[in-house]
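# Coordinates in review
Read off the chains here:
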There are 2 protein chains.
Amino acid sequence: MALVVQKYGGSSVQDADRIKKVAERIVRTHKEGHDVVVVVSAMGDTTDELLDLAEQVSPAPPPREMDMLLTAGERISNALVAMAIHSLGAQARSFTGSQAGMITTSKHGDARIVQVTPQRLRDALDEGSIVLVAGFQGVSQDSKDVTTLGRGGSDTTAVALAAALEADVCEIYTDVDGIYSADPRIVPDAQRLDTITYEEMLEMAACGAKVLHLRSVEYARRYNVPLRVRSSYNDKPGSLVSGSIEEIPVEKAIITGVSHDRSEAKITVTGVPDTPGMAARIFRTVADADINIDMVLQNISHSGARRTDITFTLPRTDGPRAMAALTAAQAEIGFIEVLHDSEVGKVSLVGAGMRNHPGVTATFCEALSNAGINIETMNTSEIRISVICRVEQLDAAVRALHAAFELGGAEQAVVHAGSGR
Amino acid sequence: MALVVQKYGGSSVQDADRIKKVAERIVRTHKEGHDVVVVVSAMGDTTDELLDLAEQVSPAPPPREMDMLLTAGERISNALVAMAIHSLGAQARSFTGSQAGMITTSKHGDARIVQVTPQRLRDALDEGSIVLVAGFQGVSQDSKDVTTLGRGGSDTTAVALAAALEADVCEIYTDVDGIYSADPRIVPDAQRLDTITYEEMLEMAACGAKVLHLRSVEYARRYNVPLRVRSSYNDKPGSLVSGSIEEIPVEKAIITGVSHDRSEAKITVTGVPDTPGMAARIFRTVADADINIDMVLQNISHSGARRTDITFTLPRTDGPRAMAALTAAQAEIGFIEVLHDSEVGKVSLVGAGMRNHPGVTATFCEALSNAGINIETMNTSEIRISVICRVEQLDAAVRALHAAFELGGAEQAVVHAGSGR
């Protein structure tokens, strides 16, 4: 007998019929003899409807009240799923994040989990009940106010509960069959991955893969929670996120997949005085505007001029604010100009295998070159190579890399030894 | 500076525009220098929509989950009102019943308030905030589950908070201008009452007046909370419920109003063996079916036959169940037959004045007789006379009594001394 945590997103519970289907799956799992804890997001349109109501009554709603408002959505969906389970003859009880022991920071709209104390859930499980927990919410340890967890909050709720309850698996139900070697809409022969390590999934998620939130994957990695991504529309086994790249025998390490990201823009600050501290001031200016920088490239100084260019990428939606902040600081820092380019795309190759297999970088660059794609910026980690290219070329870049590393079809790609990395 | 509790019902907050109007009134009150605590019901259609969703997923939803579901409605409306107040430049914070310290029994769907510990509300008021509290809900002292309070729950929430916070007044906002001497839709010259005692209001509410729930009036009486009924559509002062009939000087006591009730049915059990305990068994049979009996009439035994008839009234919706229960017990109790009559109406005259003014009963009966209305059953308390008549004659009965006691127009009715009561 196992303890299974399942998470269902908003589209899985968007109406009464979907709710009943979800309830059937939950009861099936329970009948197999497992303890089941289920995290449910708000019904499909609810959050948007509540946001719309809020906008109608107030141009700038206080964050505390926005959290009180939005958490009603998960309360509704969890109670309805519990009712549906009950009508199938099983016991079920729903709990708010607060009742489930999700203790968080006080930052409304983007709270972080501080501690999980799920005693009430354990008691309910011991009584034979299926347990429902409202995702995306908790209670502030300081003010005792209700908080919401920001992006990826429902997935993170599920993983955090799985960790605290020492669950055997945390199943994330979605509308795709699992994690793919690339986006199947771009690469028709993309394969579903049976398994993927935490570190590789982190890189995929950080570089554009949307099936799991970075935050929940990191939480799972920290607490060693096996994460299974499955479709809520069928019974396929999906993909398992588990294990560390350290555990993979060197010979078996592979290239896992290609992710892509259309959500970034590129900013170049030209003619930055090449004195200590100037780069820091540029990044501080952007950070003070509450903007996260992704990739950074600092070019070599223009000879003699003692000036350099600094290029970085950031979320496209933050572009205008970053430009405003830098322009305001221009006189103080003394750069020549700041340029904004939103027509960029980022493509990333991910795989534990690249650590120990020379030649990956060469194969990577050759594949893009053969496809006529120009590399504008490159950035690497131990298990990832990312480049920025023109956004119109992004799909072609994904396909080129996927093919070059033989990620499609029946075999996983194995990198050939021979050329230096 | 006073502490004012205000309660707004579902129609007062049925859409964004109404919510903004309510927020304006609240802020106006606050700007006058008062501490303001506001109880808001769910937005107009929300509760029905949630009930409908519940019905779609489950034929018999567990009560605990129904409470989790329905309380989302008040959470939403209170957060929205708080946001609207904020957009007018004032501070506001919304709280659930649980956060506000509404401790209740465990009976889901019909919980009773056990204790109110509003410390968080006091702290918020001390910080200068307007406080919103979700009505109709609390938390069970035993299971820590969320509960709803049953009928009259939002009004009762407001009164209970007013009592616990020692408020100067509890204002119930509704869609009529106050409490009237009779239903203005039946009696065109019915007058708005400036004030009415707790006991008189209790009688009016118990006998059909719908403007306030019996439960909230009794709670106000117990804790001496001044209750003001006002319209949310204008600034008229409304009617104040305050004081006991004991405080009214004998000479000033008056007849206050006429209430009517179309919601009852009448059951007559004929030929009941006239032996000790038979009446008790009939009433126990009905009570065991969880039905409340209102008026009772036991006729004098048929001479020689040692049998009697017992007539009582009850909510019309409970009629069929009561008939079924009595019919099932017929052999055991030994009565001849049980008759059901749903075409009855109840009209009541209420007023502290009748205690000390002889002749009220006579004037009462003469007024009905002159209007051609037959009295089928009569029942009195210290300050009320009620009769059952044919439901088609109910409106005429109301008008006849209202006129006979001169409750219309500019003067309150004063009862004339002269004939015994």
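Residues numbered from 1 in each chain as written. Chains lettered and ligands numbered in written order. Predicted model: local features only at pLDDT ≥ 70, side-chain atom pairs only at ≥ 80, totals over all residues. Heavy atoms only, no water.

## Concerning a negative patch on the surface
Which entries qualify depends on this criterion: Distance thresholds for patches are 9 Å for like charges and 5 Å for nonpolar side chains (Val, Leu, Ile, Met, Phe, Trp, Tyr), applied to residues having over 30% relative accessible area and no salt bridge. Where accessible areas are quoted, they stem from the Shrake-Rupley method and a 1.4 Å probe; at the residue level, only the protein chains shown are allowed to cover. Salt bridges are defined by distance alone: a side-chain nitrogen of Lys or Arg within 4 Å of a carboxyl oxygen of Asp or Glu. Only four residue types enter the tally: Lys and Arg on the positive side, Asp and Glu on the negative side, with His and both chain ends excluded. Every charge is mapped to an atom, namely NZ of Lys, CZ of Arg, CG of Asp or CD of Glu. Secondary structure elements are taken from DSSP: a helix is a run of H or I of four residues or more, a strand is a run of E of two residues or more, and numbering for both begins at the N terminus.
On the surface, Asp45, Asp48, Glu49, Asp52 and Glu55 of chain A together with Asp45, Asp48, Glu49, Asp52 and Glu55 of chain B cluster together to form a negatively charged patch. Of all elements in the fold, only helix H2 (46-57) of chain A together with helix H2 (46-57) of chain B reach the threshold of two or more residues within the negative patch. Along the chain, aspartate 52 of chain B turns up in helix H2.

## Looking at the confidence of the model for chain A
Low-pLDDT portions of the prediction should not be read for the details of their coordinates. Residue and element names in this part refer to chain A. To keep it simple, the criterion reads: pLDDT measures how confident the predictor is about each residue, on a scale from 0 to 100. Residues count as neighbours in contact if any of their non-hydrogen atoms are within 4.5 Å of one another.
Scored by pLDDT, chain A has a mean of 91; 95% of the residues are at 70 or more. The model gives residues 411-421 a pLDDT under 50, and that stretch makes 30 contacts with residues more than four places away or in other chains. In the model output, the complex is listed with pTM 0.84 alongside ipTM 0.80.

## A look at helix H4 (residues 119-126) of chain A
All names here are of chain A. Spelled out, the test is: Under the scheme applied here, a residue whose accessible area is under 20% of the maximum for its type counts as buried, over 50% as exposed, and between as partly exposed, the area being computed with a 1.4 Å probe on protein chains only. Think of the arc as the fan of directions from the helix axis to the C-beta atoms.
Every buried residue belonging to H4 is among Leu121, Ala124 and Leu125, and all of these are buried. The buried residues of H4 occupy an angular sector of 100° when projected down its axis, which confines them to one face. Considering only its buried residues, H4 is in contact with strand S1 (3-8), strand S2 (35-40), strand S3 (92-95), strand S6 (130-134) and helix H5 (153-164). Phi turns positive, to about 90°, at glycine 128, one or two residues after H4.

## Some words on the side chain of glutamine 6 of chain B
All names here are of chain B. As a reminder, the rule being used: Each polar contact in these results corresponds to two N or O atoms within 3.5 Å; when the atoms are within protein, one needs to be able to donate a hydrogen and the other to accept it, and residues that are neighboring in sequence are counted only if both atoms are side-chain atoms.
Mapped onto the fold, glutamine 6 is located in strand S1 (residues 3-8). Classification of glutamine 6 by relative accessible area gives buried; the value is 0%. Side chain to side chain, glutamine 6 and threonine 29 meet in a polar contact 3.2 Å long. Excluding anything up to four places from it in sequence, glutamine 6 contacts Ile26, Thr29, Val36, Val37, Val38, Val39, Glu171 and Tyr173.

## Focus on the interface of chain A and chain B
Note the following rule: Put simply, buried area is the surface a 1.4 Å probe can reach on two separate parts but cannot reach once they are joined, added for both.
Counting residues at the interface gives 41 residues for chain A and 41 residues for chain B. When the buried surface of chain A facing chain B is broken down by residue, Val57, Arg75 and Met83 of chain A rank first, second and third, together holding 22% of it. Our count for the chain A to chain B interface comes out at two salt bridges. Here arginine 120 of chain A and aspartate 145 of chain B are joined by a salt bridge, their closest N and O atoms 3.1 Å apart. Linking chain A with chain B are 18 residue pairs in polar contact (both at pLDDT 80 or more). Going through the elements one at a time, helix H1 (16-31), H2, helix H3 (63-87) and S3 of chain A are the ones with two or more residues in the side of chain A that touches chain B.

## As for the sheet that holds S2 of chain A
All names here are of chain A. For clarity, the cut-off: Pairing between two strands is assigned when DSSP locates at least 2 bridges connecting them.
Sheet architecture is open: eight strands sit in the order S3-S6-S2-S1-S9-S11-S12-S10, paired in mixed fashion. Unpaired on one side and paired on the other, S3 and strand S10 (195-196) mark the two borders of the sheet. Here S10 pairs with strand S12 (residues 239-241) via two bridges, running parallel. Its bridge partner lying in S12, isoleucine 196 is registered against valine 241.

## Some thoughts on the packing of aromatic side chains
Selection rule: Two rings belonging to Phe, Tyr or Trp (six-membered ring only in the last case) form a pair when the distance between their centres is within 6.5 Å. Interplanar angles under 30 degrees mark stacking, angles over 60 mark edge-to-face geometry, and anything in between is tilted. A ring is scored as having a charge over it whenever the NZ atom of a lysine or the CZ atom of an arginine sits within 6 Å of its centre and within 35 degrees of its normal.
For the structure shown, the criterion picks out six aromatic pairs over all chains. The ring of phenylalanine 95 of chain B carries arginine 64 of chain A above its face, with NZ or CZ at 4.9 Å from the centroid. Taking the ring centre of tyrosine 233 of chain B as reference, the NZ or CZ of arginine 18 of chain B above it sits at 4.2 Å.

## Here we look at the packing of helix H11 (residues 360-370) of chain B against helix H12 (residues 394-404) of chain B
Residue and element names in this part refer to chain B. Put simply, the rule reads: Geometry is summarised by axes, namely lines fitted to C-alpha atoms with helices restricted to the contacting stretch, and by angles between N-to-C directions that run from 0 to 180 degrees. Throughout, the term roughly parallel applies to angles under 35 degrees, roughly antiparallel to angles over 145, roughly perpendicular to angles from 65 to 115, and oblique to all others. The handedness criterion is simple: a crossing whose near helix is rotated anticlockwise from the far helix by less than a right angle is left-handed, and one whose near helix is rotated clockwise is right-handed. Here the nonpolar group is Ala, Val, Leu, Ile, Met, Phe, Trp, Tyr, Cys and Pro; Asp, Glu, Lys and Arg are the charged ones; every other residue, Gly included, is treated as polar.
H12 packs onto H11 with a crossing angle of 135° between their chain directions and a minimal axis gap of 9 Å. Overall, the two elements H11 and H12 adopt an arrangement that is oblique. Once H11 is placed against H12, the crossing between them reads as right-handed. Contact with H11, carried on its side by Thr363, Phe364, Ala367 and Leu368, involves Ala397, Ala400, Leu401 and Ala404 of H12 and no other residues of that element. Classifying every residue of the contact of H11 with H12 by side-chain character gives seven nonpolar, one polar and no charged.

## Thoughts on the pattern of salt bridges
Residue and element names in this part refer to chain B. Taken as a whole, this structure holds 46 salt bridges over all chains when the rule is applied. Of the charged contacts in the structure, one is a salt bridge between aspartate 145 and arginine 64, with a shortest N-O distance of 3.0 Å. Within this pair, whereas aspartate 145 is found in the loop between strand S7 (137-140) and strand S8 (146-148), its partner arginine 64 is found in helix H3 (residues 63-87), the two being separated by 81 residues in sequence. Look at aspartate 145 and you get buried, because its relative accessible area is 6%. Between arginine 390 and glutamate 376 there is a salt bridge, with the nearest N and O atoms lying 2.7 Å from each other. In this pair, arginine 390 is assigned in strand S20 (residues 384-390) and glutamate 376 in the loop between H11 and strand S19 (377-381), connecting sequence segments 14 residues apart. Accessibility expressed as a relative area gives 23% for arginine 390, which makes it partly exposed.

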